[in-house]
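Notes for the structure review
What follows is the residue order along each chain.
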Amino acid sequence: MFKDLNPILHSQLRLAVISILISVKEAEFTYLREKTDATAGNLSVQINKLKEAGYIDVTKSFKDNYPQTICKITPQGIQAFEEYVRDLQAYLNIKK
Amino acid sequence: MEQEKEMTGHESLELIASMIQRTRRDYLDSGLSALLWGSVISFCSLAAYLNQVAWHIPRFDYIWFLTFAAVIPQVIIAVREAKARKIKTYEEGYMGGIWISFAIAVFLLNFIFARYNSEAQAAIYLMLYGVPTFATGYSRRFAPMLIGGIACWGFAVLSLYVGYPNTLLCITGGALIAWFIPGLILRRRYLNAKKTHV
């Protein structure tokens, strides 16, 4: 039997966000919105879910008088992502 | 992108790969810094060489002060790029450390050579030029800079045998191969990438 896929990560937008954050040190909210083609509201909700799960850190500040939100993956997020990919590979191997 | 779309295993893997790929395209170097330093160093060394063999203008060595002046556009480029950047990578932190320590080492060498003149000046500068260039090429798997770093070390050895003012031509060659040519390649890649996904 394969393990159930992590429901927090097994969602299109949240997985897209975590996949971007795994490859960089940090990313601005506007960058995540641009890359995922999501609406600001929708992205905000999904980012909050990832934050509540402890997978990402969100820092709010100001840049040139504009609000700036920076997202960064946490060690817990990295571990969850790695486990998710392992589970996914196991799941795909069993299905073959 | 929908928020809770049910995905198959293959779709998940494809999404992960495509997001990582898209992000990777965004950490392309603009090439401006490499172009700036490649042009300034090769121009100064070539002009100094021509002055030694043909022009004979007194106090022409002051042309090297252009390298200090080039710090101003470098700072402007760095600030602009940092402002425009929406992501930070781990790599840029390491690379920044290497290039800043290189700049400090070159700055100190100027003082050392002003006090203790050495016939191996060009060799020492070139050996130093090779270090951050090779490190950048190695970490980014960017062959033109790997070759550039090795070329600097090759020119460093060559400069020990050709004698002054030919050593200046070794510096010109090193700066062109290590920075100017890779800078042109990086610039072209950067502009092409910008054009393909505005």
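Below is a short write-up of the structure. Predicted, not measured: the structure shown is a model, and the values here were computed from it.

Description of the overall build of chain B
Per the secondary structure count, chain B includes eight helices and one strand. Ordered by position from N to C terminus, the α and β elements of chain B give α-α-α-α-β-α-α-α-α. Relative to the compact-globule value of 16 Å for 198 residues, chain B shows a C-alpha radius of gyration of 21 Å, a clear excess of over 25%. In terms of overall dimensions, chain B has C-alpha extents of about 75 × 30 × 25 Å along its principal axes. Restricting to contacts in chain B with at least 6 residues of sequence separation, those with at least 24 account for 68%. Of the roughly 11,900 Å² that chain B leaves accessible, carbon and sulfur atoms contribute 67%. On chain B, the mean spot of the 18 positive side-chain charges and the mean spot of the 12 negative ones are 9 Å from each other.

Some words on the pairing of strand 2 (residues 56-63) of chain A
Residues and elements named next belong to chain A. As judged from the eight bridges shared by strand 2 and strand 3 (residues 66-73), these two strands associate in the antiparallel manner. Residue pairing in the sheet places serine 61 in a bridge with glutamine 68 of strand 3. The hairpin turn running from strand 2 into strand 3, its antiparallel successor, is two residues long, and aspartate 64 in that turn takes a positive phi close to 50°.

A short note on the interface of chain A and chain B
At the interface, 34 residues of chain A touch 28 residues of chain B. In total, chain A and chain B occlude about 2,900 Å² of area from one another, counting both sides; carbon and sulfur atoms represent 58% of this. Of all residues in chain A, Gln12(A), Tyr31(A) and Lys35(A) give up the largest surface area on contact with chain B, accounting jointly for 22% of the area buried on that side. Counting the contacts that link chain A with chain B gives two salt bridges.

Remarks on the nonpolar core
Formed by 32 residues in total, the largest nonpolar core has its most connected members in Leu15(A), Ile18(A), Leu21(A), Leu32(A), Leu43(A) and Tyr84(A). Secondary structure elements with two or more residues in this core: helix 1 (12-22), helix 2 (29-36), helix 3 (40-52), strand 3 and helix 4 (75-95) of chain A together with helix 1 (9-25) of chain B. Each residue touching Leu32(A), except ones within four places of it in the same chain, is listed here: Val17(A), Ile20(A), Leu21(A), Ala27(A), Leu43(A), Ile47(A) and Cys71(A). In terms of nonpolar packing, the next biggest core, distinct from the first, is built from 24 residues, Ala151(B), Ile171(B), Ala178(B) and Trp179(B) among them.

Description of the sheet that holds strand 1 (residues 26-28) of chain A
Spatially, 2(A)-3(A)-1(A)-1(B) is the arrangement adopted by the four strands of the open sheet, whose pairing is antiparallel. Bordering the open sheet on either side are strand 2 of chain A together with strand 1 (87-88) of chain B, each of which pairs with just one other strand. Where strand 1 of chain A meets strand 1 of chain B, two bridges bridge the pair, whose relative direction is antiparallel. By the bridge assignment for strand 1 of chain B, Ala27(A) is matched with Ile87(B). Its contacts with the sheet put helix 2 of chain A on strand 1 and strand 3 of chain A together with strand 1 of chain B, and the angle it makes with strand 1 of chain A is roughly 80°. Lying over the sheet, helix 3 of chain A contacts strand 2 and strand 3 of chain A, oriented at roughly 125° with respect to strand 2 of chain A.

Some points on the packing of helix 2 (residues 32-55) of chain B against helix 4 (residues 71-84) of chain B
Two packed helices can be described by the angle between their axes and the distance between those axes. All names here are of chain B. Look at helix 2 against helix 4: their axes get within 10 Å of each other, and the N-to-C directions meet at 175°. In terms of orientation, helix 2 lies roughly antiparallel with respect to helix 4. For the pair formed by helix 2 and helix 4, the contact residues are Leu32, Ser33, Leu36 and Trp37 on the first element and Val71, Pro73, Gln74, Ile77 and Glu81 on the second. Of the residues assigned to the contact of helix 2 with helix 4, the class counts are six nonpolar, two polar and one charged.

Describing a nonpolar patch on the surface
On the surface, Tyr62(B), Phe65(B), Phe68(B), Ile100(B), Ile104(B), Phe107(B), Leu108(B), Phe111(B), Ile112(B) and Tyr116(B) cluster together into a nonpolar patch covering about 1,100 Å² of accessible area. Take the nonpolar patch: its biggest share by element is six residues, from helix 5 (residues 90-115) of chain B.

Here's the deal with the layout of surface pockets
All names here are of chain B. For the second largest pocket, the calculated volume is near 590 Å³. Along its surface, the second largest pocket is lined by 17 residues, and Arg24, Tyr27, Glu91, Ser139 and Arg140 are the ones closest to its centre. Sorting the residues of the lining of the second largest pocket by element identifies helix 1, helix 5, helix 6 (121-140) and helix 8 (166-196) as the ones contributing at least two each. With four residues, helix 1 is the single largest residue contributor to the lining of the second largest pocket.

Describing the side chain of Asn6(A)
All names here are of chain A. Along the polypeptide, asparagine 6 turns up in the segment before helix 1. On the basis of relative accessible area, asparagine 6 is assigned to the buried category, the value being 17%. Contacts of asparagine 6, omitting those with residues within four sequence positions, involve Tyr55, Ala80 and Tyr84.

Rules behind the numbers
Residues numbered from 1 in each chain as written. Chains lettered and ligands numbered in written order. Predicted model: local features only at pLDDT ≥ 70, side-chain atom pairs only at ≥ 80, totals over all residues. Heavy atoms only, no water. Helix = DSSP H or I, 4+ residues; strand = E, 2+ residues; numbered from the N terminus. Rg over C-alpha atoms; globule rule 2.2 N^0.38 Å. Contact = heavy atoms within 4.5 Å. Areas by Shrake-Rupley, 256 points an atom, 1.4 Å probe, with all protein chains shown as cover. Lys, Arg positive; Asp, Glu negative; His and termini not counted. Charge placed at Lys NZ, Arg CZ, Asp CG, Glu CD. Pairing = 2+ DSSP bridges. Buried area = accessible area lost by both parts, 1.4 Å probe. Salt bridge = Lys/Arg side-chain N within 4 Å of Asp/Glu carboxyl O. Core = buried A, V, L, I, M, F, W, Y, C linked by side-chain atoms within 4.5 Å. Buried < 20%, exposed > 50% of the residue type's maximum accessible area, 1.4 Å probe, protein only. Axes fitted to C-alpha atoms, helices over the stretch in contact; angles between N-to-C directions. Parallel < 35°, antiparallel > 145°, perpendicular 65-115°, else oblique. Nonpolar A, V, L, I, M, F, W, Y, C, P; charged D, E, K, R; others polar. Patch = residues over 30% accessible without salt bridge, like charges linked within 9 Å, V, L, I, M, F, W, Y side chains within 5 Å. 1 Å grid on protein atoms, 1.4 Å probe; cavity = no way out; pocket = protein on both sides within 12 Å on 5 of 7 lines; lining within 4 Å. Points joined across faces, edges and corners; volume = space filled by probe spheres on them.

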